Amino acid sequence: MKTREGTRPSPQRQDAARDTVVASDVHHEARRGLAGVSRRFAVTLAAARMIAWEWEPATDRFAVTGPAAELFGLPPDAARTGAARAARLVHAEDSERYRAALEHAARGGNYRLELRIGRPRDGALVWIEERARAVRNCATGRERVVGVTWDITERKRAEEARRRSEERYRALFDAIDQGFCVIEVLFDGHDRACDYRFLEVNRAFEQQSGLTDAVGKRMRSLAPEHEEHWFRIYGEVALTGEARRFEAPASAVGRWFDVYAMRVEAPEARRVAILFKDITARKRGELNAQLLSALEADFARLSGPHEILKLAATKIAHHLGVARVSLAQIDPAGETLTVLEEHCAPGMPSGLGERRIADYLGEEYVSRLRAGRLVALDDVAADPHAQAAAYRARHIASALYAPYLSARGWEFVLAIQRREPHAWRADEIELVDELCTRVWLRLERARAEAALRESEARFRTLANGLPILVWVSDNAGHLDFANQAYLEFFDIDPAAAGGFDWREVVHPDDREAYTGAFVRAQASGGKLYARARLRRADGQWRWLESRGHPRLDLAGRVTGFIGCSTDITEIWESQRALEEADRRKDEFLATLAHELRNPLAPVRQAAAIAKARNATEAQVRWSHDVIERQVQHMSLLLDDLLDISRITQGKLTLRKERVEVRAVIDAAIEGARPFLEARQHRLAVNAGPAGLSLEADPLRLAQVFTNLLTNAAKYTDAGGDIRVTVRCEQDIAVIRVSDNGIGIPAHALPRMFQMFAQVQSPLERTGDGLGIGLALSKGLVELHRGSIAVHSAGAGQGSTFTVRLPGARITPAPDADRAPVPARVPRAPRRRVLIVDDNRDAADTLAALIELDGHEVRTAHDGYEALKLGASFRPDCMLLDIGMPGLNGYEVARRLRQAEWGRDVTLVATTGWGQREDRERALAHGFDHHLTKPIDPDALHELIEPPAAD
Ligand code: ADP
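### Things to note about the overall build of the chain
From N to C terminus, the chain includes 27 helices and 34 strands. Projected onto the principal axes, the alpha-carbon positions of the chain cover approximately 225 × 75 × 60 Å. In the chain, 58% of the contacts between residues at least 6 apart in sequence involve partners at least 24 apart. Per element, the accessible surface of the chain, about 50,100 Å² overall, is 52% carbon and sulfur.

Dropping the structure here:
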């Protein structure tokens, strides 16, 4: 552009100026002929926002056509402005270039320039393009430069904007750390994406994708194994224009990618821009975490230690894609391992069982494992600390060992092995380490659970086998466990045991004490002990003794009890019975002392009277009677005692014979007569059918009824009625002794036949006796295979004792030969009797007793004297004590039988020892008879003078 200053039109004349600014020296003809053309030209220029100009360098004359004022804000006189002046408008940075171009044109050259000018009107910076060339004026012959200038500010701005955006795009493209590329998807004839070509990639592409020099290359040529899904997805994006975001593995490069793909440019270009990120590490982490949580879920489902290990081995092997996974326990010395479970890929040899660690690993590695650190062998063949040959034999080229250490030391190892060398990655090492701990802890728990289950089963088996009630309860008393015996005792359905409330079956009287014991033990955390009656399923109250130990939680709080209850009803009752027996025994001893002392007083007094010088003959006789009665009474007591002891020891034997019941009753009445008469009772006897006989010991049977009659006499007030009746019921003789005496209260009835049973307390008792009479009677009756029973309507209502004896028979005619049951009737003999006893008093009183019957008596006080005296005295009968100093009774008997005078002597042993063995021993030593001290005078009478043959 060339303008002159001052050519700028006034605002009113702007339009005209735009059209008519004309150089004054334009050729005259041309001006005329071209006037129309010029006008149209000016309009065209204005429309194109362009000016045309002409400059004559020699004169610096300048002419402009076009909207110079509007475009460049030039004044109306701009046409008169020289080039130098116009150049001043040019931007400082462009002015040099402009000057050079003008000079070049002035010398006849052409130029084309883009430059900036400062628009004088508003100071705005305007981009213009200017093209010019030199032209020679044929008429003047002067050089001119003609050119056009137009405003390119808009274009420049657009260009700038594009450049900037391009720059930004590039910067962004290269700045993002994610991989970015633009691909062209290639389709086969069926519109199926079969490959793609990289058109553009960013800087991070290589690092993210693992592909180098990708631009211009096809994916299939870079990674022939690349998965189909990649081509398919990109093809879809290219065809549909729908952007896709996805994660997928690319095993050809061993990576996982997070991808965003979108179509760019025109659909037919089939270009796809891909933003992607290598997420392999995160993905591995996720997959590892998935494996861990899947294993946890499996572990929760399984309970057997071996199934847990087996599953872990298999899952780990698949996850890591390794040939073998083994789980092994380390021995306490840390030298051998026992493979508990393993997973082997096909073709891998099994390594189950025990093996020495040193056969595979050098000390360096073993101590590292002992310290709890992992050992990773990338290539066993190249590892100086690995026994390569051993590994080769097992087809192993790389291995990873993760140890587990407990407080006890190295316990466990998880071994991962591959057939090929492998650089173990950090994530693999971390995973295996974590797995090892988890598997071991689970194994330990499974073992503990198994042990617990076993001990639980043992407990249940044991508890269910026990005959006592075993239970486990919580604090509220609900049953957590009840053994078989418990369930049966209360008849509870096993499923309903938890809802069983034992408090409801405790006896109301014991409930408070029993539940109180639980509450107290709970509060103190101590042991539980309680006794109570509980109702058994059959409705019976049973005494249960319960013992419990508190169950404590970790904080030491009582959470319930584990205990057992024993049915002690029988023990309880027998304890009561024992206490009762003990009480009776004490009473008996007191009674016995009393009963034995009682007769002694009159004996002593009678003896004193008899000894007195001034005693009359009647007094002496009376004394003797008293003494005899008392001695006889004491003898009876002692006889009873000895009998009862024989019965309880099973040593009493019966001398059975067929005996008439009537005779037995007669003898019994005879025996009881003194008591009956003393109290003036009336006795009625119905002796039953004549000839009723029994196979029995007459003496013992008479003893039974004497006893019953004596009791009837004793426990009936004077002048009472006593009745004896005999009946025969089939082959049973039924003999009843009844009275109208003091009777027996109902509570005492069950114990009447027990030893030492006496209804009245010792002080209340009027009669004498030891409380063994009925027990003895019962024993004797039972020896005869019979029974005895008592009936009384109560105190004051009298009593009836009924004896039943089997084997009764009614013999048609009384047996005349049979001797009657003996009665104590003295006879009158005359014999020579020698008494030998080292106790002088005993010898002398016995002598006096025998002399009373008119016999001739001598006494000796030891064995020698006896033999000597016997030889001269020639006794018919000798009463010989056994226990003597010097020669004892047996020895005397032996020698005596050897002497001519002693051969026919009736030899009678008199001794305190009354047992059957003593008797047999005496007979064996040559004695004819055996009498127990104190000697029964009647028996003595019979011996000294046996029943006469007459
Ligand atoms: P004892 O008569 O020596 O005391 P028993 O064994 O003969 O011993 O009798 C035991 C108890 O039975 C007596 O102490 C008495 O209380 C009671 N008894 C026995 N027979 C009768 C009876 N016929 N009437 C009332 N009570 C009797």
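### A short note on the nonpolar core
Where a protein is soluble and globular, its nonpolar side chains tend to be buried together. The biggest cluster of nonpolar side chains holds 52 residues, and the ones touching the most others in it are Ile665, Leu694, Phe705, Leu708, Leu709, Ile735 and Phe801. Once you skip the residues sitting within four places of it in the chain, Phe801 turns out to touch Leu708, Ile735, Arg736, Val737, Ile744, Met752, Phe753, Leu774, Ala789 and Val790. Of all hydrophobic cores here, the second largest spans 32 residues; its members include Leu302, Ile308, Ala317 and Cys436.

### Re the sheet that holds strand 22 (residues 657-660)
Taken in spatial order, the three strands of this open sheet run 22-24-29, and their pairing is antiparallel. Single-partner strands in this sheet number two, and they are strand 22 and strand 29 (809-810). Across two bridges, strand 24 (residues 692-696) lies against strand 29 in antiparallel orientation. Counted as the bridge partner of Ser693 is Arg809 from strand 29. Packing against the sheet, helix 20 (residues 661-678) makes contact with strand 22 and strand 24, and its axis sits at approximately 70° to strand 22.

### Quick look at the environment of Arg419
Following the sequence through the fold, Arg419 ends up in the loop between strand 16 (409-418) and helix 15 (426-465). Residues contacting Arg419, with those up to four places away along its chain left out, are Ala323, Ala345, Pro346, Gly347, Met348, His395 and Ala397. Within polar-contact distance, the side chain of Arg419 engages the backbone oxygen of Pro346 at 2.5 Å.

### Quick word on the packing of aromatic side chains
In total, this model carries 28 aromatic pairs according to the counting rule given. Judged by centre distance (4.1 Å) and plane angle (20°), the rings of Trp543 and Trp572 are stacked. Taken together, the residues span a long stretch of sequence, with Trp543 in strand 20 (residues 541-552) and Trp572 in helix 18 (residues 569-611) at a distance of 29 residues. You'll find Trp543 and Trp572 in the same group, each marked buried. An aromatic cluster is built from Tyr196, Phe198, Phe205, Trp230, Phe231, Tyr234, Phe246, Phe257 and Phe276, whose rings are joined through pairwise contacts. Here Lys156 stacks its cationic end above the ring of Trp127, 4.6 Å away from the centre of that ring. Here the basic side chain of Arg270 rests over the ring of Phe187, its NZ or CZ set 4.3 Å away from the ring centre.

### Overview of the pairing of strand 2 (residues 61-65)
Bridge count for strand 1 (residues 50-56) against strand 2 is five bridges, and the pairing is antiparallel. Within strand 2, the residue paired with Trp55 across the bridge is Phe62. The hairpin formed by strand 1 and strand 2 contains four residues between the paired strands, and Asp60 there has a positive phi angle of roughly 60°.

### A short note on the environment of Gln522
Inspection of the secondary structure puts Gln522 in helix 17 (residues 508-524). Residue classification places Gln522 among the partly exposed positions, given a relative accessible area of 26%. Considered as a pair, Gln522 and Phe561 are 39 residues apart in the sequence and their alpha carbons are 8.4 Å apart. Setting aside residues no more than four positions away along its own chain, Gln522 makes contact with Asn475, Val558 and Phe561.

### As for helix 11 (residues 280-301)
Since there are 3.6 residues in each turn of an α-helix, residues three or four apart along the chain are aligned in direction. With 22 residues, helix 11 extends 31 Å between its outermost C-alpha atoms, agreeing within 8% with the 32 Å of an ideal straight helix rising 1.5 Å per residue. Of the positions making up helix 11, those classed as buried are Thr280, Lys283, Asn288, Leu291, Leu292, Leu295, Asp298 and Phe299. Packing partners of the buried residues in helix 11 comprise strand 8 (244-250), strand 9 (255-264), strand 10 (271-278), helix 12 (305-320) and helix 15.

### Notes on the sheet that holds strand 21 (residues 558-567)
Spatially, five strands are ordered 18-17-21-20-19 in an open sheet, and the strand pairing comes out antiparallel. Of all the strands in the sheet, the pair left with one neighbour each is strand 18 (479-482) and strand 19 (528-535). Geometrically, the sheet is characterised by an average inter-axis angle of 25° between neighbouring strands, direction not taken into account. In this structure, strand 19 lies alongside strand 20, joined through eight bridges in antiparallel fashion. Directly across from Arg533, in strand 20, lies its bridge partner Trp543.

### Quick notes on the packing of helix 12 against helix 15
For the pair helix 12 and helix 15, interaxial distance at closest approach is 9 Å and the crossing angle is 170°. When the axes of helix 12 and helix 15 are compared, the pair comes out roughly antiparallel. Considering how the two elements wind past one another, helix 12 and helix 15 form a crossing that is right-handed. Facing helix 12, whose interface residues are Pro305, Ile308, Leu309, Ala312, Ile316, His319 and Leu320, helix 15 presents Glu428, Leu431, Val432, Leu435, Val439, Arg442, Leu443, Ala446 and Arg447. Among the residues forming the contact of helix 12 with helix 15, the class breakdown is twelve nonpolar, one polar and three charged.

### Overview of the side chain of His930
Among the structural elements, His930 can be located in strand 34 (residues 929-932). If we ignore the near neighbours within four places in the chain, the residues touching His930 are Ala909, Thr911, Trp913, Gly914, Asp918, Arg919 and Ala922.

### A few points about the confidence of the model for the chain
Averaged over every residue, the pLDDT of the chain is 85; the share at 70 or more is 90%. Taken together, the stretch residues 1-26 has pLDDT below 50 and engages in 84 contacts with residues farther than four places along the chain or on a different chain. Below a pLDDT of 50 lies the segment residues 814-819, which in the model reaches four contacts outside its immediate sequence neighbourhood of four places, other chains included.

### Quick word on the packing of helix 11 against helix 15
Interhelical geometry of helix 11 versus helix 15 gives an angle of 10° and a closest axis separation of 11 Å. The angle between helix 11 and helix 15 falls in the class roughly parallel. Contacts from Arg284, Asn288, Leu291, Leu292, Leu295, Glu296 and Phe299 in helix 11 reach Asp427, Leu431, Glu434, Leu435, Arg438, Val439 and Arg442 in helix 15. Residues of the contact of helix 11 with helix 15, tallied by class, amount to seven nonpolar, one polar and six charged.

### So, helix 25 (residues 889-898)
Among the residues making up helix 25, those that are buried are Gly889, Tyr890, Val892, Ala893 and Leu896. Down the axis, helix 25 shows its buried residues gathered within 160° of arc, on one side only. At its buried positions, helix 25 is contacted by helix 24 (863-873), strand 32 (877-881), strand 33 (906-911) and helix 26 (916-924). For helix 25, the N-terminal capping position is held by Asn888, with its side-chain oxygen 3.1 Å away from the main-chain nitrogen of Tyr890.

### Here we look at the pattern of salt bridges
Enumeration over the complete set of coordinates arrives at 82 salt bridges. We note a salt bridge from Arg874 to Glu900, for which the minimum N-O separation is 3.8 Å. Taken together, the residues span a long stretch of sequence, with Arg874 in the loop between helix 24 and strand 32 and Glu900 in the loop between helix 25 and strand 33 at a distance of 26 residues. Given a relative accessible area of 39%, Arg874 falls into the partly exposed group. In the salt-bridge network here, residues are joined through shared partners; they are Arg112, Glu114, Glu129, Arg131, Arg155, Lys156 and Glu159.

### Points about the pairing of strand 9
Bridge count between strand 8 and strand 9: seven bridges; the pairing is antiparallel. Across the sheet, Ala248 pairs through a bridge with Phe257, a residue of strand 9. Here strand 8 folds back onto strand 9, and the loop between the two strands holds four residues, one of which, Gly254, carries a positive phi near 65°. Here strand 9 hands over to strand 10 after six residues, with Glu265 in that stretch at a positive phi of 65°.

### Points about the state of the cysteines
By the definition in use, this model includes zero disulfides. Cys194 takes part in no disulfide bond, and the closest cysteine sulfur, belonging to Cys181, lies 17 Å away. Taking the relative accessible area as the measure of exposure, Cys194 reaches 26% and is therefore partly exposed. We note that Cys344 lacks a disulfide partner, and the nearest cysteine sulfur, in Cys436, lies 18 Å from it.

### A short note on unusual backbone geometry
The backbone phi angle of Asp213 is positive, close to 50°, even though this residue is not glycine. On the basis of relative accessible area, Asp213 is assigned to the exposed category, the value being 60%. One non-glycine residue, Glu265, adopts positive backbone phi at about 65°. Locating Glu265 in the fold gives a position in the loop between strand 9 and strand 10. Taking relative accessible area as the criterion, Glu265 reaches 55% and is therefore assigned exposed.

Reading the values: the criteria
- Residues numbered from 1 in each chain as written.
- Predicted model: local features only at pLDDT ≥ 70, side-chain atom pairs only at ≥ 80, totals over all residues.
- Heavy atoms only, no water.
- Helix = DSSP H or I, 4+ residues; strand = E, 2+ residues; numbered from the N terminus.
- Contact = heavy atoms within 4.5 Å.
- Areas by Shrake-Rupley, 256 points an atom, 1.4 Å probe, with all protein chains shown as cover.
- Core = buried A, V, L, I, M, F, W, Y, C linked by side-chain atoms within 4.5 Å.
- Buried < 20%, exposed > 50% of the residue type's maximum accessible area, 1.4 Å probe, protein only.
- Pairing = 2+ DSSP bridges.
- Axes fitted to C-alpha atoms, helices over the stretch in contact; angles between N-to-C directions.
- Polar contact = N/O pair within 3.5 Å; in protein donor to acceptor, adjacent residues only side chain to side chain.
- Phe/Tyr/Trp six-rings, centres within 6.5 Å; stacked < 30°, edge-to-face > 60°.
- Lys NZ or Arg CZ within 6 Å of the ring centre and 35° of its normal.
- Expected span 1.5 Å × (residues − 1).
- Parallel < 35°, antiparallel > 145°, perpendicular 65-115°, else oblique.
- Left-handed = near helix turned anticlockwise from the far one by under 90°.
- Nonpolar A, V, L, I, M, F, W, Y, C, P; charged D, E, K, R; others polar.
- pLDDT = per-residue confidence, 0-100.
- Arc of directions from axis to C-beta.
- Salt bridge = Lys/Arg side-chain N within 4 Å of Asp/Glu carboxyl O.
- Disulfide = S-S within 2.5 Å.

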